[in-house]
Each structure stands twice: as C-alpha cells, then as structure tokens.
Amino acid sequence: MSAVSDRLPAFPWDKLEPYKKTAAAHPDGIVDLSVGTPVDPVPEHIQKALIAAADSPGYPTVWGTPELRDALTRWVEHRLGAREVTHRHVLPVVGSKELVAWLPTQLGLGPGDQVAFPRLAYPTYEVGARLARADHVAYDDPTELDPSRLKLLWLNSPSNPTGRVLAKEELTRIVAWAREHGVLVLSDECYIELGWEADPVSVLHPDVNGGSYDGIVAVHSLSKRSNLAGYRAAFLAGDPAVLGPLLQIRKHGGMMTPAPTQAAVVAALGDDEHVRVQRERYAARRTALRDALLAHGFRIEHSEASLYLWATRDESCWDTVAHLADRGILVAPGDFYGPAGDRFVRVALTATDERVRAAAARLTA
C-alpha cells in the first residue's frame, strides 16, 4: 500500500485545518467557502425517483438501464447541441472524481506515457497520472506541448478553479491539433451549465469537432447542476472507440452506478426547471460575494463561469486565507491548483443565502 500512496502528493485539504479552526471561532460562526459542495435541497422530483427505485435488490449494470442511456443521449443532444448520439456514445460513471482519478490506469497508460492538464487545474488530473505511473505536464497552451509521448490531454472549460471559459475557436483549434497528433482529448465540462459572463461550448458540438467524435470524450456531472454530489452521478459522452473498451474494463471492475441513482439521473436530466432555479440561487450569491470582495480590495480574474470566484489581494494565498479566516471566512488557497495560483484564493458560491450574507457583511463592515 505504501508503494501506491508514495506516488501521491500530500492531501492538500489537511493544510486548511488550522485556518478552519480560526474561522470556526468567529462569534457568528464560520462561513465555509472552501469546498464546492452543494448545500441546497435535492429537487423533490429527483428524490421521488430515487425512492421509487429503492427496492433494487439485484446488481445494476455498468452501462446503465436503457432508460438512463436514453436520457443521456437526449440531454447531450438537447443541451450541448451534439448530433446523432447513440447509446454507444455514452457511459455512466460513479461520480466524475472516480473517473478522473482512474482513467489513465483504465486506458492502460503507464511509465513513458504523458498526461497533460491546465497550469491551474483540479488536482485529481495529476493524481490520475501518478496512480498510473505516467508522467504529467501542465500547460498554458496545449498545442505548444511536445506530442511525442502525450497520450491524454485534459481540457477543463469552465475551469475549476479559475472559471475561465475556452472560446469555441480555441476548442476547435485544440481538438484539430490533438487529432493531428493522435492525442486523446478528455474535456471536463462539469460546470458547463453555470456560465455567467460567457456561454460555454462543449467539445461535442459539431462546430468544434466537425461532426465527428473521433478522439474526444466529454465528462459531465450532476453534482452541481442538480445538487446530486451525494448521489455520485456522472457520465461520459463521445468516441465509442474509447467508451466501448472502457465499458468492458469497468464491467470487470464492478464500477456500477447504483440503480436508484440511475433512476434519479433520468429524472434530473429530463427537467430543466430545477436547473434554472438553482442557477438563480448561485447567480445571486455570486453577485453578493463578488461585490463584497471587490469592496474589500480584492481583484477578481476570469470567473466568467463555474461555482467559484478566483480572487487575489496580490499577496501570498496563505496570507489571504489567514486574513479571511480571522473574519470567520474559509476559502481555498490557490496553490492547491498549481504553483501559478500562489497569489490567489478560490471562493466557492456553495453556501446558504444566510451564510453568504454573513460573509458579505463581514467583508464590507
């Protein structure tokens, strides 16, 4: 076991514990804006679908029920503008983090192979490469990488942590470059329904991929858009030549989305209204926190989409974390997402309206 754990970096969130204790000591309690975990209720119709499927004594299938695959294909076409999507183009997964962490291993990558991800990025991209004993490299522009050993290219738009959105033209250019060099593109699009000052586009859109899914796979999650982080509900969509072998591997590994969760996903993807309502909640919280941070002397960069504000006081991110913890507010230090974030903090919008108001009041007092 130590041989595996030794490949991994220290778990970053443990470093926040002292600051969490400081913030929790505030007379009015902590406002935790560090982790992007939903706090609002699971929509009632989704709960009812879960309950209705609770009597599920048999094993679920890795590929999911036909009803689930129908729901995935319909949503990908309806919401993302993809065309001619069949069951072969979709694959349920047990939450997107599991997929990100184990995908390089499941693809058969190993020593000598290379995984690339953005300079500021979700840490699990690197973890996945390390678990597979593959090399990893961070980029500003992936088309400037040496493609000779590059097997897997992660895109992330909207970005976690920065909220940056890749323009359609940029996505098109990157996909074309990756195809030219035989590099598999995995596009993490888990925040695609949370665009504020930009309209995020999927790599599955024909304007980006030219009507072909060859060499591209998109990752989607229901954690944020439907408040289903506790359900572990996510899926892949894209190249059947990639998803078919993955399905077989995941069958051997028993990586099955629970049957009640599958039923809940069908209900969630069949309804747009609850997504609109949740977007409005996050939009209001975003406005309140953004205005308060600016009033407090912060500068905010990117943040045109996703569930975070990427903010700086032009000082060490840990000094900023300490400054806010003294005010009972906990945020994530930017260096959790790469050395390039060492002067930024990530501020999550995932707190109740009451807690967001409390944070805003403390920042503007």
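Everything discussed here concerns the structure shown above.
Residues numbered from 1 in each chain as written. Predicted model: local features only at pLDDT ≥ 70, side-chain atom pairs only at ≥ 80, totals over all residues. Heavy atoms only, no water.

**Some details on the packing of aromatic side chains**
Counted under the stated rule, the structure contains 11 aromatic pairs. With 5.6 Å between their ring centres and 65° between their planes, Y191 and Y308 make a pair best called edge-to-face. One end of the pair, Y191, is in the loop between β6 (184–188) and α8 (206–209); the other, Y308, is in strand β10 (residues 308–312), with 117 residues separating them in the sequence. Between W318 and F336, the aromatic rings sit 5.9 Å apart at their centres with planes inclined by 65°, giving edge-to-face as the arrangement. Of this pair, W318 sits in helix α12 (residues 317–325) while F336 is found in the loop between β12 (332–333) and β13 (345–348), placing the two residues 18 residues apart along the sequence. You'll find W318 and F336 in the same group, each marked buried. Through pairs of rings, three or more aromatic residues link up here, namely W13, Y19, W310, W318, F336, Y337 and F344. Looking at R69, its charged tip hangs above the ring of W63, at a distance of 3.9 Å from the centre. In this arrangement the basic side chain of R346 is found over the ring face of Y308, its NZ or CZ atom lying 3.8 Å from the centre. (Phe/Tyr/Trp six-rings, centres within 6.5 Å; stacked < 30°, edge-to-face > 60°. Helix = DSSP H or I, 4+ residues; strand = E, 2+ residues; numbered from the N terminus. Buried < 20%, exposed > 50% of the residue type's maximum accessible area, 1.4 Å probe, protein only. Lys NZ or Arg CZ within 6 Å of the ring centre and 35° of its normal.)

**Description of the pattern of salt bridges**
Counted according to the given criterion, the structure contains 21 salt bridges. Residues R119 and D140 are paired through a salt bridge, measuring 3.4 Å at the closest nitrogen-oxygen approach. Taken together, the residues R119 in the loop between β3 (114–118) and α6 (124–131) and D140 in the loop between β4 (135–139) and β5 (150–156) connect sequence positions 21 residues apart. The exposure class assigned to R119 is partly exposed, which follows from its relative accessible area of 37%. Looking at D140, the relative accessible area reads 58%, which means it is exposed. A salt bridge links E354 to R355; the nearest nitrogen and oxygen atoms lie 2.8 Å apart. By sharing partners, the salt bridges in this structure join D28, E354, R355 and R362 into a single network. (Salt bridge = Lys/Arg side-chain N within 4 Å of Asp/Glu carboxyl O.)

**Quick look at the sheet that holds strand β2 (residues 90–93)**
Reading across the sheet, the 7 strands line up as β2-β8-β7-β6-β5-β3-β4 and stay open at both edges, with mixed pairing between neighbours. Since the sheet does not close on itself, it has two edges, and those belong to β2 and β4, each with one partner. Averaged over neighbouring strand pairs, the angle between their axes works out to 20° when direction is ignored. Sheet topology note: the β3/β4 ladder contains 5 bridges and is parallel. (Pairing = 2+ DSSP bridges. Axes fitted to C-alpha atoms, helices over the stretch in contact; angles between N-to-C directions.)

**Considerations on the sheet that holds β13**
Taken in spatial order, the 4 strands make up an open sheet running β9-β10-β13-β12, and their pairing is antiparallel. At either margin of the open sheet sits one strand with a lone partner, and together these are β9 (299–301) and β12. Examined bridge by bridge, β9 and β10 share 3 bridges and lie antiparallel to one another. What sits directly across from I300, in β10, is A311. This element, helix α11 (residues 273–295), spans β9, β10 and β13 of the sheet and lies at about 0° to β10. (Contact = heavy atoms within 4.5 Å.)

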